[in-house]
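Architecture and fold: a report
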Amino acid sequence: MIRHSLPYWLHRACDAAGGADGNDDDCDGVADDGCPNTHCDPIDTDTTWAAGSFHFVTCTLSIYNDATLTILDGARVEFAPGTGIDVGGFSSGTLVIKG
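Counting of residues starts from 1 at the beginning of each chain's written sequence and follows it residue by residue. Given that this is a predicted model, residues contribute local features only at a pLDDT of at least 70 and side-chain atom pairs are listed and counted only at 80 or more, while totals for whole chains, interfaces and linings are drawn from all residues. Hydrogens and water are ignored here; the side-chain numbers use all heavy atoms of the structure.

Remarks on the nonpolar core
- For the purposes of this section, nonpolar cores are sets of buried Ala, Val, Leu, Ile, Met, Phe, Trp, Tyr and Cys residues that join through side-chain atoms within 4.5 Å. To sort residues, take the accessible area from a 1.4 Å probe on protein chains only and compare it with the maximum for the residue type: under 20% means buried, over 50% means exposed, and anything in between is partly exposed. The biggest cluster of nonpolar side chains holds nine residues, and these are Ile-43, Trp-49, Val-57, Leu-61, Ile-63, Ala-67, Leu-69, Ile-71 and Ala-75.
- Going along the chain from the N terminus, every DSSP run of H or I of four or more residues is numbered as a helix, and every run of E of two or more is numbered as a strand. The set of elements that each furnish at least two residues to this core consists of β4 (61-63) and β5 (67-71).
- Element by element, the count of residues in this core is highest for β5, at three residues.
- Not counting the four nearest positions on each side in its chain, Val-57 is found in contact with His-39, Trp-49, Val-77, Glu-78, Phe-79, Ala-80, Thr-83 and Gly-84. Here a residue-residue contact requires only that any non-hydrogen atoms of the pair lie within 4.5 Å.

Now the structure itself:
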């Protein structure tokens, strides 16, 4: 099994409490968003990623078992290299992106 780790800048952006530390640790000109929700497990129930949330996909996600992943406008989603989202590879699944 290949395990992906969080990029260095994500580790630095997280404070001890798991939230934004208010610093611009990734040097992009804005205060950091804090720790992302990390995802690697299959999605087999309806799931929504809300506006203002931060998601980091560490391995290829599978959406199956008639589940729907809905990504709302304003959700931040980033992927580790070589990862993606597999929709319905094992059984039917749905990906809805709003925005």
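So that's the structure; there's more coming.
Thoughts on the sheet that holds strand β8 (residues 93-97)
- The three strands lie next to each other as β2-β5-β8, forming an open sheet whose pairing is parallel. The sheet terminates laterally at β2 (47-49) and β8, the two strands that pair on one side only. In this sheet, neighbouring strand axes are inclined to one another by 10° on average, regardless of whether the strands run parallel or antiparallel.
- Bridge count between β2 and β5: three bridges; the pairing is parallel. If you follow Thr-47 over to β5, its bridge partner there is Leu-69. In this scheme, strands are said to pair when DSSP sees at least two bridges between them. Fitting a line to C-alpha atoms yields each axis, with helices limited to the stretch in contact; the angle taken between N-to-C directions then spans 0 to 180 degrees.

A short note on the state of the cysteines
- Pairs of cysteine sulfur atoms within 2.5 Å are what we label disulfides. A full pass over the atoms with the stated rule returns one disulfide.
- What pairs with Cys-40 in a disulfide is Cys-59, and their sulfur atoms sit 1.9 Å apart. Across the S-S bond of Cys-40 and Cys-59 the torsion is about 115°, and the bridge reads as right-handed. Placement of Cys-40 in the loop between β1 (37-39) and β2 and of Cys-59 in the loop between β3 (54-57) and β4 is noted, with a sequence separation of 19 residues between them.

Digging into a nonpolar patch on the surface
- Patches draw on residues past 30% relative accessible area with no salt bridge. Two like charges within 9 Å are joined, as are two nonpolar side chains (Val, Leu, Ile, Met, Phe, Trp, Tyr) within 5 Å. A 1.4 Å probe and the Shrake-Rupley method give the accessible areas. Residues count as covered only by the protein chains that appear here. Any Lys or Arg side-chain nitrogen located within 4 Å of an Asp or Glu carboxyl oxygen qualifies as a salt bridge. A cluster of nonpolar side chains, Val-87, Leu-95 and Ile-97, forms an exposed patch at the surface whose accessible area comes to about 240 Å².
- The residue Val-87 is located in strand β7 (residues 85-87) in this model.
- Residue Val-87 is classed as partly exposed on the basis of its relative accessible area of 36%.

Considerations on the pattern of salt bridges
- Per the stated rule, a full pass over the model turns up one salt bridge.
- Residue Arg-76 is joined to Glu-78 by a salt bridge in which the shortest nitrogen-to-oxygen separation is 2.7 Å.
- Look at Arg-76 and you get partly exposed, because its relative accessible area is 25%.

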